[in-house]
Amino acid sequence: MKISKRTQSKFAEFASECGTLREITEAFENEGFTPDPTFQPSVFGERRALVGKYHAGIDLSDPEQQKRLLDTYVETIDSWCTRDSHGRLPLGPRALVASLRRDEAPIDEQGNLISAPSLSLDLAPFSTLTNTAVLEEHLGRMAAGIKEDPAAAIGSAKELAESVCKLVLDDYGLPSAKAAKLLELYKTAANALAISRTSVPNSARGSQASQKVLQNLATMVQSLAELRDELGLGHGRSKTSPALERHARLACNASPTLTEFVLETWQTRKVQVP
């Protein structure tokens, strides 16, 4: 998820119609945001200008701040709007919700947060990662898409594993073909990290077996991605993807497992370097 300028504009429109200055202030400050005192609004209207000041003080490159901003929007939709007898939102907040969903926010059509499955992969311990943003984006898309968009979740699972392999190759100064498939990238990264030779210390047979398991994980994620692509929506195709939630869950469990092993090995190799 990356909340866009378009969505911020939709929220400003919604706030100017449905919120008061006090409510706008409380909504942002309840999530720990403060206005940027240097911001010079280019719009008319006190409420729009106030929203602009708060938006200007938010770092949208920070996933944690993006999450808090989403919580701000969801809370205002819930507290400022009156739904009809069918539970539907008025037109203004519906436009905001539609824009948030285009930003891949984990919400349903009524503006309710979707409880995304937890994908356990703590990136904090890996000092070799100077920037975790790209991996965090893949993990976020995977978690949000398992139920709502399995095909997209599978694609992100493949991209997560590809990204960590490319990070390793970049660190070791090794080229990677732009069109390289996941298994090819994994094999090159595994060779750079000597995974095949030392996966299990002091056991050649153990290392061989471990490498086979890891290659099978990479192959499985790649195969699920090919399933997603077979009848996907791209290139003007008329049929939906055959990927189901269980396929997405399989890919989204396998990919972080593979990624974590590569990260841990990479970290170990770097620590061992004198």
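Let me sum up the structure you'll find in this document. The model shown is predicted, which means the values in this text are computed figures rather than measured ones. Within each chain, residues carry numbers counting from 1 in the order of the written sequence. Reporting in this predicted model follows two pLDDT cut-offs: at least 70 for local features of residues, and 80 or more for side-chain atom pairs to be given and counted; totals over whole chains, interfaces and linings ignore these cut-offs and use all residues. Side-chain figures throughout are based on the complete set of non-hydrogen atoms in the structure, without hydrogens or water.

1. Considerations on the overall build of the chain
And then number 1: For the chain, the helix and strand inventory stands at 11 helices and 0 strands.
And then number 2: Numbered from the N terminus, helices here are DSSP runs of H or I no shorter than four residues, and strands are runs of E no shorter than two. Listed by position from the N terminus, the elements making up the chain come as α-α-α-α-α-α-α-α-α-α-α.
And then number 3: Burial here depends on accessible area, computed with a 1.4 Å probe over protein chains only, as a share of the maximum for the residue type. Under 20% is buried, over 50% is exposed, and the range in between is partly exposed. Looking at the chain residue by residue over its 274 residues, the buried ones come to 43%.
And then number 4: The contact criterion used throughout is that any non-hydrogen atoms of two residues lie within 4.5 Å. Considering only residue pairs separated by 6 or more positions, the chain has 64% of its internal contacts joining residues 24 or more positions apart.
And then number 5: Accessible surface, the chain as shown: approximately 14,900 Å² in total, 51% of it carbon and sulfur. In short, Shrake-Rupley with a 1.4 Å probe defines the accessible areas, and a residue's cover is counted only from the protein chains shown.

2. A look at unusual backbone geometry
And then number 1: With a phi angle near 70 degrees, Glu 104 is a residue other than glycine that sits in the positive phi range.
And then number 2: Here Glu 104 shows up in the loop between helix H5 (91-102) and helix H6 (133-148).

3. Here's the deal with the packing of helix H2 (residues 21-29) against helix H4 (residues 63-80)
And then number 1: The angle between two axes is taken between their N-to-C directions and runs from 0 to 180 degrees, where each axis is a line fitted to C-alpha atoms and a helix contributes only its stretch in contact. Look at H2 against H4: their axes get within 9 Å of each other, and the N-to-C directions meet at 140 degrees. Classified by the angle their axes make, H2 and H4 are oblique. The handedness of the crossing between H2 and H4 is right-handed. Counting all contacts with H2, which are made through Glu 23, Ile 24, Ala 27 and Phe 28, the residues of H4 involved are Leu 69, Thr 72, Thr 76 and Trp 80.
And then number 2: Across the contact of H2 with H4, the residue classes tally to 5 nonpolar, 2 polar and 1 charged. With respect to orientation, any angle under 35 degrees is reported as roughly parallel, any angle over 145 as roughly antiparallel, any angle of 65 to 115 as roughly perpendicular, and every other angle as oblique. Should the near helix be turned counterclockwise from the far one by less than a right angle, the crossing is left-handed, whereas a clockwise turn marks it as right-handed. Gly counts as polar in this scheme, as do all residues outside two lists: the nonpolar Ala, Val, Leu, Ile, Met, Phe, Trp, Tyr, Cys and Pro, and the charged Asp, Glu, Lys and Arg.

4. Examining the nonpolar core
And then number 1: To define a nonpolar core, start from buried Ala, Val, Leu, Ile, Met, Phe, Trp, Tyr and Cys residues and group those joined through side-chain atoms within 4.5 Å. Core analysis: the largest hydrophobic core is formed by 41 residues, its most contacted members being Leu 123, Leu 129, Ile 154, Tyr 186, Leu 258 and Leu 263.
And then number 2: For this core, the secondary-structure elements that each account for two or more residues are H6, helix H7 (150-171), helix H8 (182-192), helix H10 (204-230) and helix H11 (245-272).
And then number 3: Per-element accounting of this core gives the leading share, 10 residues, to H7.
And then number 4: With residues up to four places along the chain from it excluded, the contact list for Leu 129 reads Leu 123, Leu 135, Leu 167, Leu 263 and Trp 266.
And then number 5: Ile 3, Leu 50, Val 51 and Tyr 73 belong to the second largest nonpolar core, which has 27 residues in total.

Any functional reading would require information that these geometric values do not contain.
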